[in-house]
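# Overview (structure and organization)
The residues making up each chain are set out below.
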Amino acid sequence: MNVIEIHDITKDYGNQKGVFDVSFNVRKGEILGFLGPNGAGKTTTIRQLMGFTKPDKGSLTISGMDCFSEAKDIQKNLGYLPGEIAFIDSMTGDSFIRFVANMKGLKDLKRMEELKKMFELNASGKIKKMSKGMKQKIGIVCAFMQDPDILILDEPTSGLDPLMQNKFIELIMEEKQRGKTILMSSHIFEEVERTCDRAAIIKDGRLMAVEDIEKLRSGKSKTVEFRLDSEDSAARLAALVPGALVKKKTVTAKVKGSMDGLLKQASQFTVVDMDVHTASLEELFMHFYGGGSND
């Protein structure tokens, strides 16, 4: 069963800005990563899902309801974290959270307190004096405190330090275990890889593919650099690895999927040091889709 359905939407802002003929769905109980570089069209799509803008053509529904005409009904059971949160800077963080809770008609604030504790959030200060990370924590609390069945999250870890990013991933995985349906946009493949079942990949406003995470993972390349104890060892290892490059004592090789075979080859020699570089999002596009065209 599909909870979120996007059918052939176009929102054209001119100069090739917007989204064009985008279609995908999010199944009940699924986490779908909406993956693409900054400016690819993720926020434009999400704003249409939230009913803030209407597509030039196509349709969007959540739980069978039209995202534009029935936005008010949809949002009763939906948690939303925008990419740019509209705060009231003169308020304290706690006052703002309670203000949002009142707007949602939320009486039981137990979940709110649990989330504040999880993210080590002291929101007693004025919002205008808070860091980006503090504001992001407030946004997360506001999105999740209603315990909604459906969540739409736009770049949710933006501004969070690595410890809080891990806390957020723990939260997402807990919500998944509870059967929540989540659409999460990101430009960070590793974040999507750790949390999502599938990913919809968008670039230049056009959907490139919707794939299972396992398939994307297998298509992601790594560059492995070995530094050996001698130039002779380096030359011998390079001879065993197709496409490997050798420079003095250093061997550089590219690998897709499992590194097991490469590591077994390297284990025959004395490896002084090893460095692994994972493909960036742009490199993933080029590698997985043969050049990243928008067909």
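Residues numbered from 1 in each chain as written. Predicted model: local features only at pLDDT ≥ 70, side-chain atom pairs only at ≥ 80, totals over all residues. Heavy atoms only, no water.

## Here we look at the UniProt feature "domain: ABC transporter" (unreviewed entry) in the chain
Following the UniProt record, the feature "domain: ABC transporter" (unreviewed entry) maps to residues 4–229 here. Along residues 4–229, the helical share is 33% and the strand share 31%, with 55 Å between the first and last C-alpha atoms. (UniProt positions renumbered as here; feature names shortened; annotations may be inferred. Helix = DSSP H or I, 4+ residues; strand = E, 2+ residues; numbered from the N terminus.)

## Quick look at the sheet that holds strand 2 (residues 17–27)
Consider a sheet: its strands pair through backbone hydrogen bonds, and that pairing is either parallel or antiparallel. Strand order across the open sheet formed by 4 strands is 2-1-4-5, with antiparallel pairing between neighbours. The sheet terminates laterally at strand 2 and strand 5 (65–66), the two strands that pair on one side only. As judged from the 2 bridges shared by strand 4 (residues 57–62) and strand 5, these two strands associate in the antiparallel manner. Its bridge partner lying in strand 5, I62 is registered against M65. Lying on the sheet, helix 1 (residues 42–49) is in contact with strand 1 (2–14), strand 2 and strand 4; it crosses strand 1 at an angle near 120°. (Pairing = 2+ DSSP bridges. Contact = heavy atoms within 4.5 Å. Axes fitted to C-alpha atoms, helices over the stretch in contact; angles between N-to-C directions.)

## Brief notes about the nonpolar core
I97, F144, M145, L153 and F168 are the most contacted members of the largest nonpolar core, which totals 42 residues. Ranked by residues supplied to this core, first place goes to helix 5 (residues 132–144) with 6 residues. When near neighbours in sequence (up to four residues on either side) are disregarded, F168 contacts F119, I140, F144, L153, P156, T157, L160 and M184. (Core = buried A, V, L, I, M, F, W, Y, C linked by side-chain atoms within 4.5 Å. Buried < 20%, exposed > 50% of the residue type's maximum accessible area, 1.4 Å probe, protein only.)

## Things to note about the packing of helix 3 (residues 93–103) against helix 5
It is at 10 Å that the axes of helix 3 and helix 5 come closest, and there the two elements cross at 25°. Taken as axis vectors, helix 3 and helix 5 run roughly parallel relative to one another. The way helix 3 lies across helix 5 gives a crossing that is right-handed. Mapping the contact onto sequence places G93, F96, I97 and V100 in helix 3 and I138, V141 and C142 in helix 5. A per-class count over the contact of helix 3 with helix 5 returns 6 nonpolar, 1 polar and no charged. (Parallel < 35°, antiparallel > 145°, perpendicular 65-115°, else oblique. Left-handed = near helix turned anticlockwise from the far one by under 90°. Nonpolar A, V, L, I, M, F, W, Y, C, P; charged D, E, K, R; others polar.)

## Re helix 9 (residues 231–240)
Given 3.6 residues per turn, any residue in an α-helix points the same way as the ones three and four places further on. The set of residues buried in helix 9 consists of S233, A234, L237 and A238. One side of helix 9 carries all its buried residues, which in axial view fall inside an arc of 130°. (Arc of directions from axis to C-beta.)

## Points about the pairing of strand 9 (residues 198–203)
When you tally the buried positions in strand 9, you get 6 out of 6 residues, the bulk of the element. Burial of strand 9 is two-sided: the residues R198, A200 and I202 facing one way and the residues A199, I201 and K203 facing the other way are all buried. Pairing analysis gives 4 bridges linking strand 3 (residues 31–35) to strand 9, with the strands arranged parallel. Bridge assignment links L32 to a residue of strand 9, and that residue is R198. Here strand 9 runs beside strand 10 (residues 206–212); their pairing, made up of 6 bridges, is antiparallel. Paired with K203 across the strands is R206, a residue of strand 10.

## Thoughts on unusual backbone geometry
The backbone of D8 sits at a positive phi, close to 55°, despite the residue not being glycine. By secondary structure assignment, the location of D8 is in strand 1. We classify D8 as partly exposed; its relative accessible area is 34%. A positive phi angle, close to 50°, is found at E120, a residue other than glycine. Along the polypeptide, E120 turns up in the loop between helix 4 (110–118) and helix 5. With a relative accessible area of 52%, E120 lands in the exposed category.

## Thoughts on a nonpolar patch on the surface
On the surface, a cluster of nonpolar side chains totalling about 270 Å² of accessible area is made up of L263, V271, M274 and V276. Here the nonpolar patch takes 3 residues from strand 14 (residues 271–278), the largest share from any one element. With relative accessibility at 35%, the residue V276 sits in the partly exposed group. (Patch = residues over 30% accessible without salt bridge, like charges linked within 9 Å, V, L, I, M, F, W, Y side chains within 5 Å. Areas by Shrake-Rupley, 256 points an atom, 1.4 Å probe, with all protein chains shown as cover. Salt bridge = Lys/Arg side-chain N within 4 Å of Asp/Glu carboxyl O.)

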